[in-house]
Amino acid sequence: MFKINIKETQNPAIIKFEFPDFISYGSNFEFKNIDETANSPLARQLFYLPFVKSVYISGNFVAIERFSIVEWTDVQDDVKKQIEDFVTNGGKVLIETETESTKKIPVTVYGETTPNPSVLKFVANKSLTKTAVEFKNIDEAKPSPLAVELFKLPYVKEIFIDENYVSITKFDSYSWDEITIEARTFIKQFIENGGTVIDESLIVETKAHEQQQEQYFDNLDVTSQQIINILEEYVKPAVQSDGGNITFENYDDDTKRVTVTLKGACSGCPSSTFTLKNGIENMLRQMLHNNDIVVEALNG
């Protein structure tokens, strides 16, 4: 028997009905009335209930907003059963249009462990972004429609996207054994359905983008340029292979202090911070012939 779970939301008028599998990949659907439900037989069915104000479908859930004529505690079990019966009897949640179907392109996504047990790296067989970006919450994620959708998954705490991979930091209350397949499938289907991973036009004003431009590099002092070149050639490839990134922040010639920022899987990982700090410090001292250099590694 097909089963769904009822989940409350912060809005008492809205309740979520979570499915065991994804019902929408890379797209959100909001229906305000029955006339808008041409591509959702389930939403059409739900609007026959007199208390249904709107229906929202995304990822693995259907969210319903009610009119104030009823309380969810009085009707939610009946709605749950109606949805379960509808799907069990072959009813369609969404009808994929021909236009949406033509967007699909085969994509391979696989998961890789990282030195940080809270972070898993999902690698795609295609380029995802030209600029590394990190998002701590959904409000920061506007340049990335993929990140916005991932943040709606309850276990996603932070997201880092670079080149051809997505690093996800989970909340400690979840186990990767329980959520890896779901996260990997979500990313794969989002890309295959033509979803935008990064809108480059929305990150051109960010510091991360600025630091990757030639003009930024050209305006730095010679020592800072040497440090960046060393990081790019000897450090960054190893860090990226672990699902993270490292960026140069500044160099103080008076104190000989080099400040770098760790992102993705390396951010917040004590072992990574300690190992990288000492490794980079020793490397810079040797290659720049200056034993006074001190490295400060910040978490992004």
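For every chain, the first residue of the written sequence is number 1, and numbering continues from 1 onward in sequence order. Totals for whole chains, interfaces and linings use every residue, but because this is a predicted model, local features are given only for residues with pLDDT of at least 70 and side-chain atom pairs only at 80 or more, for both listing and counting. Values reported for side chains reflect all heavy atoms of the structure, with hydrogen atoms and water molecules removed beforehand.

Looking at an unreviewed UniProt entry, one finds the chain named NifU family protein and attributed to Paenimyroides viscosum. UniProt, in its Sequence similarities (unreviewed entry) section for the chain, records the words "Belongs to the NifU family." UniProt positions are given in the numbering used here, feature names are shortened, and annotations may be inferred rather than shown by experiment.

Caption draft 1: View of the overall build of the chain. Labels follow the DSSP assignment, with helices taken as runs of H or I lasting at least four residues and strands as runs of E lasting at least two, numbered in each case from the N terminus. Counting its secondary structure elements, the chain contains nine helices and 13 strands. Classification of residues uses two cut-offs on accessible area relative to the type maximum, computed with a 1.4 Å probe and protein chains only: under 20% is buried, over 50% is exposed, and between them is partly exposed. Here the chain, with 300 residues, has 48% of them falling under the buried criterion. Contacts between residues were defined by any pair of non-hydrogen atoms, one from each residue, lying within 4.5 Å. Of all intrachain contacts in the chain linking residues separated by at least 6 positions in sequence, the fraction that spans at least 24 positions is 61%. Residue-level accessible areas treat just the shown protein chains as cover; the underlying method is Shrake-Rupley with a 1.4 Å probe. Surface summary for the chain: the accessible area is close to 15,500 Å², and the carbon and sulfur share equals 48%.

Caption draft 2: Representation of the sheet that holds strand β10 (residues 165-170). Note on pairing: DSSP must find at least two bridges between two strands before they are called paired. The strand order β6-β7-β10-β9-β8 describes an open sheet built from five strands, whose pairing is antiparallel. Bordering the open sheet on either side are β6 (109-113) and β8 (133-135), each of which pairs with just one other strand. Across the sheet, the axes of successive neighbouring strands diverge by a mean angle of 20°, strand direction being ignored. Taken together, the six bridges between strand β9 (residues 156-162) and β10 define a ladder with antiparallel strand orientation. Of the residues in β10, the one forming a bridge with D162 is Y165. Contacts from helix α5 (residues 176-192) reach β6, β7 (119-124) and β10 within the one sheet, and its direction differs from that of β7 by about 30°. To obtain an axis, a line is fitted to C-alpha atoms, over the contacting stretch when the element is a helix, and the angle between two such axes runs from 0 to 180 degrees between their N-to-C directions.

Caption draft 3: Structural context of helix α2 (residues 72-88). One less than the residue count of a helix, multiplied by 1.5 Å, gives the span that helix is expected to have. The end-to-end C-alpha separation of α2 is 23 Å, in line with the 24 Å expected for 17 residues at 1.5 Å each. At the C-terminal side of α2, G90 shows a positive phi close to 95°.

Caption draft 4: Geometry of the sheet that holds strand β5 (residues 61-66). Pairing is antiparallel in the open sheet, where five strands are placed in the order β1-β2-β5-β4-β3. Since the sheet does not close on itself, it has two edges, and those belong to β1 (5-8) and β3 (28-31), each with one partner. Mean inter-strand twist for the sheet, computed between neighbouring axes without regard to direction, equals 20°. Relative to β5, strand β4 (residues 52-58) runs antiparallel, the two sharing six bridges.

Caption draft 5: Inspection of the confidence of the model for the chain at higher detail. Averaged over all residues, the pLDDT of the chain is 84; the fraction at 70 or higher stands at 86%. Confidence of the predictor at the level of single residues is captured by pLDDT, which takes values from 0 to 100. Per-element mean pLDDT across the chain ranges from 45 in helix α3 (residues 98-102) up to 95 in helix α1 (residues 41-46). Note that pLDDT drops below 50 for residues 98-102; the model gives that stretch three contacts with residues more than four away or on any other chain.

Caption draft 6: Focus on the pairing of β3. Judged by which residues are buried, β3 turns out to be one-sided: F29 and F31 face inward and are buried, whereas N28 and E30, on the alternate face, are not. Note that β3 and β4 share four bridges and pair antiparallel. For E30, the partnering residue across the bridge sits in β4 and is Y56.

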